[in-house]
Amino acid sequence: MSQVDNFGDEGKGKIVAYLALNDKPKIVARAGVGPNAGHTVHFRGKKFGLRQVPCGFVYEGARMLIGSGVLVNPEVLLKEVAETGVGERLGVDMRCAIIEPGHIEQDRTSAHLKEKIGTTGTGCGPANVARVSRMARLAEEVQDLRQFITDVPREVDDALRRGEKVILEGSQGFGLSLFHGTYPYVTSKDTSASAIASDVGVGPTKIDDVMLVLKAYVSRVGAGPFATEIPQEKAEEFGIVEFGTVTGRRRRIGTFDFELAKRAAMINGATQITITCLDRLFKECVGAKKFEELSAEAKDFIAKVESELGVPVTIVSVGQGVDDVIDMRSEKL
Ligand code: IMP
Ligand code: MG
């Protein structure tokens, strides 16, 4: 199981947390670029904005792994270890590349990266440059990470061989993919489901399901093309005002982009779709517990997504909390 989306911020974190609590996997492994992503989970009255630790930490029976493709900023990681209390449940692949203070400095002072591209300033781009140049330091060389170092592909393969469940937590939207997104307004790596599998070290034939997480509308932080963007005042009329988890920048808002979603479903090989923030677009859906309780407009929207993308919508999210979801997997699959 693996999951991805559009320009980020669809609520991947919350969905991974829900799936972890509900499906009880043995492992939740984080993939994606690195601490440029902020995954939000509201759990037991607390809000977590996680940039390194997988959001599946809320399910205490699972091991939390970070795949070798993911960049690690030891300071950010250790802070989250303290916040979440994951302790010994955390494993960091020995081959994760490290973000150094100099990478952050470069990301924040380069006119190209900072002003033109509008990066998150977390050093990810420059750290990936160092990695490709074969100059990066790896996690196994960092004293402070020693207790967490592991062989992630081995752990995941052992779990799969025992028939246990594994969830791969992707990060960054599909539109931010270095290969398939709106270049040059993209992140520093591919973000598709294939990359997610590769980040963790799982072969493509081992993936059973790809959950595409789409928000009922689109948002984007940073520069770049945005086909369905609407003016901020219009978004405010709908009551939609959002800020980035990592940078605090105001997100640009647009209507649902069927063309982008179709392409995301195609390139990611989506087998299921989750639609998040349905309650923000269709206010009558707040607090709905069953599909039947959704408004006619919301049901029509879901039906249109299914027919246009040719993939079943199996989960919808109607609120912030981990349990504010309608899970239709048992009826639809
Ligand atoms: P970078 O990944 O920090 O180099 O930033 C490149 C672009 O990707 C910028 O537009 C960022 O705002 C965007 N970006 C990177 N990660 C995320 C994310 O997790 N959510 C939303 N936007 C992101
Ligand atoms: Mg985010």
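Preceding this section is the structure that the text describes.
Residues numbered from 1 in each chain as written. Chains lettered and ligands numbered in written order. Predicted model: local features only at pLDDT ≥ 70, side-chain atom pairs only at ≥ 80, totals over all residues. Heavy atoms only, no water.

> Would you take a moment to explain the overall build of the protein chain for this structure?
Scanning the protein chain from terminus to terminus reveals 12 helices and 14 strands. Its C-alpha radius of gyration of 19 Å places the protein chain within 12% of the 20 Å reference for a compact globule of 333 residues. Reported as C-alpha extents along the three principal axes, the dimensions of the protein chain are approximately 55 × 50 × 40 Å. Counting the 333 residues in the protein chain, one finds 56% classified as buried. Of all intrachain contacts in the protein chain linking residues separated by at least 6 positions in sequence, the fraction that spans at least 24 positions is 74%. With an accessible surface of roughly 14300 Å², the protein chain has 51% of that area assigned to carbon and sulfur atoms. With 43 positive and 46 negative side-chain charges, the protein chain shows a separation of 2 Å between the mean positions of the two kinds. (Helix = DSSP H or I, 4+ residues; strand = E, 2+ residues; numbered from the N terminus. Rg over C-alpha atoms; globule rule 2.2 N^0.38 Å. Buried < 20%, exposed > 50% of the residue type's maximum accessible area, 1.4 Å probe, protein only. Contact = heavy atoms within 4.5 Å. Areas by Shrake-Rupley, 256 points an atom, 1.4 Å probe, with all protein chains shown as cover. Lys, Arg positive; Asp, Glu negative; His and termini not counted. Charge placed at Lys NZ, Arg CZ, Asp CG, Glu CD.)

> How should I be thinking about the layout of surface pockets in this particular structure?
Any empty space left between the atoms is revealed when a probe the size of a water molecule rolls over them. Roughly 890 Å³ of internal volume is contained in the largest pocket. Residue lining of the largest pocket: 47 residues in total, with N36, T119, V186, T187 and S188 positioned closest to the centre. Among the elements that take part in the lining of the largest pocket, helix α5 (residues 124–132) stands out by supplying seven residues, more than any other. Among the residues making up the lining of the largest pocket, the classes are represented as 20 nonpolar, 21 polar and six charged. In this model, the second largest pocket occupies a volume close to 520 Å³. Around the second largest pocket, the lining is made up of 24 residues, and of these T40, H42, R251, R280 and Q320 lie nearest the centre. (1 Å grid on protein atoms, 1.4 Å probe; cavity = no way out; pocket = protein on both sides within 12 Å on 5 of 7 lines; lining within 4 Å. Points joined across faces, edges and corners; volume = space filled by probe spheres on them. Nonpolar A, V, L, I, M, F, W, Y, C, P; charged D, E, K, R; others polar.)

> How should the packing of aromatic side chains be read in this particular structure?
Centre-to-centre distance and the angle between the planes together describe a pair of aromatic rings. In total, this model carries five aromatic pairs according to the counting rule given. When the ring of F48 is compared with that of F57, the centres are 4.9 Å apart and the planes differ by 70°; the resulting orientation is edge-to-face. Ring centres of F256 and F301 lie 5.2 Å apart, and the angle between their planes is 85°; this geometry places the pair in the edge-to-face category. Highlighted residues: F256 in the loop between β11 (252–254) and α9 (258–268) and F301 in helix α11 (residues 296–309), separated in sequence by 45 residues. Of the two residues, F256 and F301, neither departs from the other in class, the shared state being buried. Members of the aromatic cluster, connected to one another through ring pairs, are F256, F258, F282 and F301. One Lys or Arg, K304, reaches over the ring of F258 and ends 4.3 Å from the middle of that ring. The aromatic ring of F291 is capped on one face by K332, whose charged end is 5.9 Å from the ring centroid. (Phe/Tyr/Trp six-rings, centres within 6.5 Å; stacked < 30°, edge-to-face > 60°. Lys NZ or Arg CZ within 6 Å of the ring centre and 35° of its normal.)

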